[in-house]
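Inside the fold
Now for the letters of each chain:
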Amino acid sequence: MDKKNTPAVAAANRRKRVARLKKILIAVAVIFLVIPTIVCIFLAIKVDSLQKQVDYLYEAKFGNGVFSADNSLSRYEVSGSEGTLRDTDARSSGSNGKRKVYLTFDDGPSENTEAILEVLAKYNVKATFFVVGKEDEGLKPLYKKIVDSGNSIGLHSYSHKYSVLYKSLEDFEADFHKIQDYVKSITGVKTVLYRFPGGSSNQVSDVDMKDLIRFLKEEGVVYFDWNDATGDASTTKYTVTQLVNNAISGLNKEGDTILLMHDANTKGTTVEALPLIIEKLKAMDVEIVPIDMSTQPIQHISADSVE
Ligand SMILES: [Zn+2]
């Protein structure tokens, strides 16, 4: 009998073939399943981190001196001449005829909120804080401190993530109710003042901004953009002196000014610039006041243009 064809040898060969086949199958599984899965996870993490950077850069580019550097108020209409609010008389240039300046701080509360409140108290002026949803126990009391100190509180979205917030009208509505309820639960105030992250003229929303404006109008909410900014949205771009100069040179010479600043951990220069800005304003013929429902809003996209 041929040695090669004994049943034992045949069985051994079969086992070898099966083993080889198993190895090939495992290799195929690794190549077509495991590796793509790992690559997908890696890419998902990468996309998330890039999205955050896009959000940050967008805020840095459009949430700052773009509107102050050339004082380009003319690019945007100041709405409200026909009045989306009641009390039209109270909105025109104040009882004493002075131009009004509204100091506004976005993105708080933060580690700098207390310092900002101290400066405001020292100069006996009130500002407006457009807050986001911060859940740190250390920051929570600051919502109430803003209200208790007589400053105005407005909403600036819960998540402040453009990719989430502006994904659909439903996402925006959910986020709006979340921040409105959150602030009310802490402060007892149901505020109807709002500022869109990136402004009403932002170019990142997947939803037509007019749909979001219509929703806010139905909710009885008034949104406020800005016509002046210190430029502090970009962290390191400006020195304290430049922040002050940006704010002052960008003041609306014809009427009221809503000045955009930021209340964030990285914006220490804003805290330093604030006393200088207030001192310069106090030396001018303007009145520093907080935003309320009688304030004539400055809107890059006018609410009146949305039916
Ligand atoms: Zn913001």
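Just so it is clear, the model here is predicted, and its values are computed rather than measured. (Residues numbered from 1 in each chain as written. Predicted model: local features only at pLDDT ≥ 70, side-chain atom pairs only at ≥ 80, totals over all residues. Heavy atoms only, no water.)

1. Comments concerning the environment of Phe 196
The residue Phe 196 is located in the loop between β4 (193–194) and α8 (209–218) in this model. By relative accessible area, which is 0% here, Phe 196 ends up buried. When the C-alpha positions of Phe 196 and Leu 212 are compared, they lie 9.6 Å apart, and in sequence the two are 16 residues distant. Sequence-distant contacts of Phe 196, that is, excluding residues within four places in its chain, are made with His 156, Tyr 166, Phe 172, Met 209, Leu 212, Ile 213, Leu 216 and Tyr 223. (Helix = DSSP H or I, 4+ residues; strand = E, 2+ residues; numbered from the N terminus. Buried < 20%, exposed > 50% of the residue type's maximum accessible area, 1.4 Å probe, protein only. Contact = heavy atoms within 4.5 Å.)

2. Remarks on the packing of helix α4 (residues 113–122) against helix α10 (residues 268–282)
Two elements in contact, α4 and α10, have axes separated by 10 Å at closest approach and are oriented at 15°. When the axes of α4 and α10 are compared, the pair comes out roughly parallel. Of the two possible hands of crossing, α4 and α10 adopt the one that is right-handed. Residue-level inspection shows Ala 115, Ile 116, Val 119 and Leu 120 of α4 in contact with α10, the latter providing Val 271, Leu 274, Pro 275 and Ile 278. Residues that form the contact of α4 with α10 fall into these classes: eight nonpolar, no polar and no charged. (Axes fitted to C-alpha atoms, helices over the stretch in contact; angles between N-to-C directions. Parallel < 35°, antiparallel > 145°, perpendicular 65-115°, else oblique. Left-handed = near helix turned anticlockwise from the far one by under 90°. Nonpolar A, V, L, I, M, F, W, Y, C, P; charged D, E, K, R; others polar.)

3. A closer look at the packing of aromatic side chains
All chains considered together, the criterion is met by 12 aromatic pairs. Residues Tyr 166 and Phe 172 carry aromatic rings whose centres are separated by 6.3 Å and whose planes lie at 10° to one another, so their mutual orientation is stacked. Phe 172 matches Tyr 166 in its accessibility class, with the two residues each being buried. Three or more aromatic residues link up through ring pairs in this structure, and these residues are Tyr 162, Tyr 166, Phe 172, Phe 176, Tyr 194, Phe 196, Phe 215 and Tyr 223. Taking NZ or CZ as reference, Lys 178 lies 4.3 Å from the ring centre of Tyr 158, over its face. (Phe/Tyr/Trp six-rings, centres within 6.5 Å; stacked < 30°, edge-to-face > 60°. Lys NZ or Arg CZ within 6 Å of the ring centre and 35° of its normal.)

4. A closer look at unusual backbone geometry
Here the bond from Gly 108 into Pro 109 is cis, since omega is 0°, no more than 30 degrees from zero. Relative to the elements of secondary structure, Pro 109 occurs in the loop between β1 (99–106) and α4. One non-glycine residue, Asp 107, adopts positive backbone phi at about 80°. Within the secondary structure layout, Asp 107 lies in the loop between β1 and α4. Note on Asp 107: relative accessible area 16%, which makes it buried. Unusually for a residue other than glycine, His 160 sits at a positive phi of about 55°.

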